[in-house]
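# Understanding the architecture of this molecule
Next come the chains, spelled out residue by residue.
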Amino acid sequence: MAVWDDVVGQDRVTAQLAAAARDADALVSAEQAGPEPARGAEPPSADPGGASQMTHAWLFTGPPGSGRATAARAFAAALQCVSPDRALGGAPGCGFCDGCHTALIGTHADVEIVRTDLLSIGVKETRDLVRRSSLSPSGGRWQVIVLEDADRLTEGAGNVLLKAVEEPAPRTVWLLCAPSVEDVLPTIRSRCRLLSLRTPPVDAVAEVLVRRDGIEPDAAARAARATQGHIGRARRLATDERARARRTAVLKLPLRVDDIGGCLKAAQELIDAAGEDAKQVAEEVDTKETEELRAALGAAAGTNGRLPRGTAGAMKELQDKQKRRSTRTQRDSLDLALVDLTGFYRDVLALQMGASVPLANDEVRDSVQRIATASTPERTLRRIEAVIACREALDRNVAPLLAVEAMTVALRAG
């Protein structure tokens, strides 16, 4: 299976990446037989008659669920491909060799995959990445840094990264992922080659769920349709019973906002559900992290769990990180519920306008029909705007309960 097989519905993007991987492979082969190019220079063309498709910095953009990180990882694997078939004209990215396999699963020594559970990526973490990027490949063909959340770089962190992108070390490649070009500093995006991904077709998402995850075709089709092509959410919905139950509860909310009391109760339940998600993550991760750090700091069993002097700062730093992660988890859970709610009203609007499109939430067609009959397209649009306004308020750090209560009251008013 080639590394591109999991990049769903992005034929144009995979064609560009495959061409770049071929040029990169030819470049490394040429370097191994000759002098190294000047620091920061654009790689020479693998084709003497044309421009090289390879460059040192890439920016993958696309809506949530489009597979930005998947495409970046696939490209990283293709750059590290050591398949002997290349000598016979085969394209890099076989998916089976040691270079491809270790890059895809995240254990390749020269592929650094960076994602964050926190609200932002700071200067300290970015400086560590820049130092890493200055090293030569230890065993692979390229030093590859995959930054899956480039949109979460603080302004200071972005300025730190800029210098490394401006003057890259030889054989170092930056792969940045963000929802849109506006989420990255102009000075950084101007030095990257842009690849824009689209939301993959529902049928393509269902097919990959069946092929890769062994999900029953009917369940895969329902999950892909419900998430409207969001690969990660579709997989979670198809495999996690709790996620399905949570979504079912969210889709009942439009029927529960008939009075102010119902609005406030529905808002509180939505916040409580998001808090439960954050608590579950904390139970799974925080305890393990805390115990590992205590052991590393020397809290031996015979000292009643007391830490050595001078280590309280490290524990405080970990607790602050865990608190920020909990906040991020709660916001992500809330945002997911709001996306499902937007999809519900999209279906309502489709019925009201007589659009010949399949419903994303066909399993609750009766509820969708009930709201559509009792309302107008204008009111439905105002309700969609209320959900979007709630998402924007959460991004601006408005208290979650206040933002959700304002939304549910607006849904009642229409």
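Residues numbered from 1 in each chain as written. Predicted model: local features only at pLDDT ≥ 70, side-chain atom pairs only at ≥ 80, totals over all residues. Heavy atoms only, no water.

## Overview of the sheet that holds strand β2 (residues 111–114)
- Here five strands make up an open sheet; going across it, the order is β2-β3-β4-β1-β5 and the pairing parallel. Sheet topology places β2 and β5 (193–196) at the edges, where each strand pairs with a single neighbour. Each neighbouring strand pair of the sheet contributes to a mean axis angle of 15 degrees, computed without reference to strand direction.
- Examined bridge by bridge, strand β1 (residues 57–61) and strand β4 (residues 172–178) share five bridges and lie parallel to one another. Bridging from a neighbouring strand, Thr61 pairs with Ala178 of β4. (Pairing = 2+ DSSP bridges. Helix = DSSP H or I, 4+ residues; strand = E, 2+ residues; numbered from the N terminus. Axes fitted to C-alpha atoms, helices over the stretch in contact; angles between N-to-C directions.)

## Here's the deal with a nonpolar patch on the surface
- On the surface, a nonpolar cluster with roughly 210 Å² of combined accessible area is contributed by Ile260, Leu264 and Val409.
- Position of Val409 relative to the elements: it lies in helix α15 (residues 400–413).
- Overall, the relative accessible area of 32% leaves Val409 in the partly exposed class. (Patch = residues over 30% accessible without salt bridge, like charges linked within 9 Å, V, L, I, M, F, W, Y side chains within 5 Å. Areas by Shrake-Rupley, 256 points an atom, 1.4 Å probe, with all protein chains shown as cover. Salt bridge = Lys/Arg side-chain N within 4 Å of Asp/Glu carboxyl O. Buried < 20%, exposed > 50% of the residue type's maximum accessible area, 1.4 Å probe, protein only.)

## Topic: empty space enclosed by the protein
- For the coordinates displayed, the defined rule picks out three cavities of 30 Å³ or more.
- Counted as a void, the largest cavity has a volume near 220 Å³.
- In this structure, the largest cavity is lined by 17 residues; those nearest its centre are Arg236, Ala243, Arg246, Leu336 and Asp340.
- Taken together, the elements giving at least two residues each to the lining of the largest cavity come down to α9 (231–239), α10 (241–251), α11 (260–297) and α12 (312–353).
- Element by element, the count of residues in the lining of the largest cavity is highest for α12, at five residues.
- The class makeup of the residues in the lining of the largest cavity is nine nonpolar, two polar and six charged. (1 Å grid on protein atoms, 1.4 Å probe; cavity = no way out; pocket = protein on both sides within 12 Å on 5 of 7 lines; lining within 4 Å. Points joined across faces, edges and corners; volume = space filled by probe spheres on them. Nonpolar A, V, L, I, M, F, W, Y, C, P; charged D, E, K, R; others polar.)

## A look at the packing of α11 against α15
- Their axes nearest at 8 Å, the elements α11 and α15 cross at an angle of 140 degrees. As summarised for this structure, α11 and α15 are arranged oblique, according to the angle between their axes. You can see that α11 and α15 cross each other, and the crossing is right-handed. In this structure, α11 uses Ile260, Cys263, Leu264, Ala267, Gln268, Leu270 and Ile271 to contact α15, whose residues at the interface are Pro400, Leu401, Val404, Glu405, Thr408, Val409 and Arg412. (Parallel < 35°, antiparallel > 145°, perpendicular 65-115°, else oblique. Left-handed = near helix turned anticlockwise from the far one by under 90°. Contact = heavy atoms within 4.5 Å.)

## Looking at helix α7 (residues 202–213)
- The first and last C-alpha atoms of α7 sit 16 Å apart over twelve residues, in line with the 16 Å expected at 1.5 Å per residue.
- Along α7, the residues classified as buried are Val205, Ala206, Val208 and Leu209. Along the long axis of α7, the arc covered by the buried residues comes to 165 degrees, so they all point the same way.
- Where the residues of α7 are buried, they touch α8 (217–226) and α9.
- Phi turns positive one or two residues past the end of α7, at Gly214, with a value near 65 degrees. (Expected span 1.5 Å × (residues − 1). Arc of directions from axis to C-beta.)

## What to know about the side chain of Thr172
- Structurally, Thr172 is set in strand β4.
- If sequence neighbours within four positions are ignored, Thr172 has contacts with His56, Ser133, Leu135, Trp142 and Gln143.

## Some thoughts on the nonpolar core
- Leu17, Met54, Trp58, Phe60, Phe75, Trp142 and Leu175 are the most contacted members of the largest nonpolar core, which totals 37 residues.
- Only α1 (11–32), β1, α2 (68–79), α3 (98–105), β2, β3 (143–147) and β4 provide two or more residues apiece to this core.
- Beyond its immediate chain neighbours, meaning those up to four positions away, Phe60 contacts Leu17, Arg68, Ala71, Ala72, Phe75, Leu175, Leu176, Cys177, Ala178, Leu195 and Leu197.
- If you look at the next biggest cluster of nonpolar residues, it comprises 31 residues, including Leu253, Val364, Val368 and Cys390. (Core = buried A, V, L, I, M, F, W, Y, C linked by side-chain atoms within 4.5 Å.)

## Focus on the confidence of the model for the protein
- Looking at the protein as a whole, the pLDDT averages 87, with 93% of positions reaching at least 70.
- The secondary-structure element of the protein with the lowest mean pLDDT is α11, recorded at 83, while β1 shows the highest, at 95.
- Predicted confidence for residues 37–50 stays below pLDDT 50, and this span has 23 contacts to residues more than four positions away or in other chains. (pLDDT = per-residue confidence, 0-100.)

## Overview of the environment of Ala295
- Summarising the element assignment, Ala295 is placed in helix α11.
- Sequence separation of Ala295 and Ala360 is 65 residues, and the distance between their C-alpha atoms is 49 Å.

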